[in-house]
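What the coordinates show
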Amino acid sequence: MVRPMENAVAIVTGGLRGLGKAMALGLLRAGHPVVAVGHIADDVAPMLAEAGADAARLTCLVLDLLEPAAREALVVAAERVGPVGVLVNNAGLTFTYFDPKRFVDGPK
């Protein structure tokens, strides 16, 4: 019997550090091919090292998901790996990108 999610590609945004990294590694160790996305290039090498033997099924991408072209690139890259069946939307929005007053005063 084949379980439907057995070979499903998992996309984990915010997947190169913190809780996202932990979730990406857990999914990887559970047998899923994983596409882990982060925005800091220096996070890739430690992620691959921690994945160890499972790194062959891990794709690490460095993208700014605030950009529409980056979101499209993520989808294209994930579809190259296989059918996507899992999305962990863990990417955080920080106020390093937006002025918090925007949410009080509205867009300018």
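Whatever comes next refers back to the structure up there.
This text gives an overview of the structure that appears in the document. Note that the structure is predicted; figures quoted are calculated from it, not measured.

As for the nonpolar core
Ranked by size, the top nonpolar core spans 16 residues in total, and within it Leu-27, Val-34, Ala-36, Met-47 and Leu-58 carry the most contacts. Of all the elements in the fold, those that place two or more residues in this core are strand 1 (9-13), helix 1 (18-29), strand 2 (34-38), helix 2 (44-51), strand 3 (58-62) and strand 4 (84-89). Of the residues forming this core, the biggest block, 4 residues, is contributed by helix 1. Non-local contacts of Ala-36, meaning those with residues more than four positions away in its chain, are made with Val-12, Gly-15, Leu-16, Ala-24, Met-47, Leu-58, Thr-59, Cys-60 and Leu-61. The next biggest cluster of nonpolar side chains, apart from the first, holds 11 residues, and it includes Ile-11, Val-35, Leu-61 and Leu-65.

Considering the side chain of Thr-13
Positionally, Thr-13 belongs in strand 1. Of the polar contacts made by the side chain of Thr-13, one reaches the side chain of Asn-89; its length is 3.1 Å. Those residues in contact with Thr-13 that lie beyond four places of it in its chain are Val-37, Leu-65, Leu-74, Val-88, Asn-89, Asn-90 and Ala-91.

Considering the sheet that holds strand 4
Here 4 strands make up an open sheet; going across it, the order is 3-2-1-4 and the pairing parallel. On the outer flanks of this sheet lie strand 3 and strand 4, each paired with one strand and no other. Each strand of the sheet is rotated relative to its neighbour by a mean of 15 degrees, with strand direction disregarded. Note: strand 1 against strand 2, 4 bridges, orientation parallel. The residue bridging Val-12 from the neighbouring strand is Ala-36, located in strand 2. Across the sheet, helix 3 (residues 68-81) touches strand 1, strand 2, strand 3 and strand 4, and the angle it forms with strand 1 is around 150 degrees.

Calculation notes
For every chain, the first residue of its written sequence is number 1, and the numbers climb from 1 along that sequence. pLDDT decides what is reported in this predicted model: residues at 70 or higher carry local features, side-chain atom pairs at 80 or more are listed and counted, and totals for whole chains, interfaces and linings draw on all residues regardless. The basis for every side-chain value is the complete set of non-hydrogen atoms in the structure, without hydrogens or water. Residues belong to a common nonpolar core when they are buried Ala, Val, Leu, Ile, Met, Phe, Trp, Tyr or Cys residues joined through side-chain atoms within 4.5 Å. Exposed residues in this analysis have more than 50% of their type's maximum accessible area, buried residues have under 20%, and partly exposed residues fall in between, with area computed by a 1.4 Å probe over protein chains only. Secondary structure elements follow DSSP: runs of H or I no shorter than four residues count as helices, runs of E no shorter than two count as strands, and numbering proceeds from the N terminus. The contact rule is simple, with two residues in contact once any of their heavy atoms fall within 4.5 Å. Whenever two N or O atoms come within 3.5 Å, that pair is a polar contact, provided that in protein one can donate a hydrogen and the other can accept it, and provided that, for residues adjacent in sequence, both atoms are side-chain atoms. Pairing between strands requires that DSSP locate at least two bridges from one strand to the other. In this analysis, axes come from line fits to C-alpha atoms, helices being fitted only over the stretch in contact, and the angle between any two N-to-C directions falls in the range 0 to 180 degrees.

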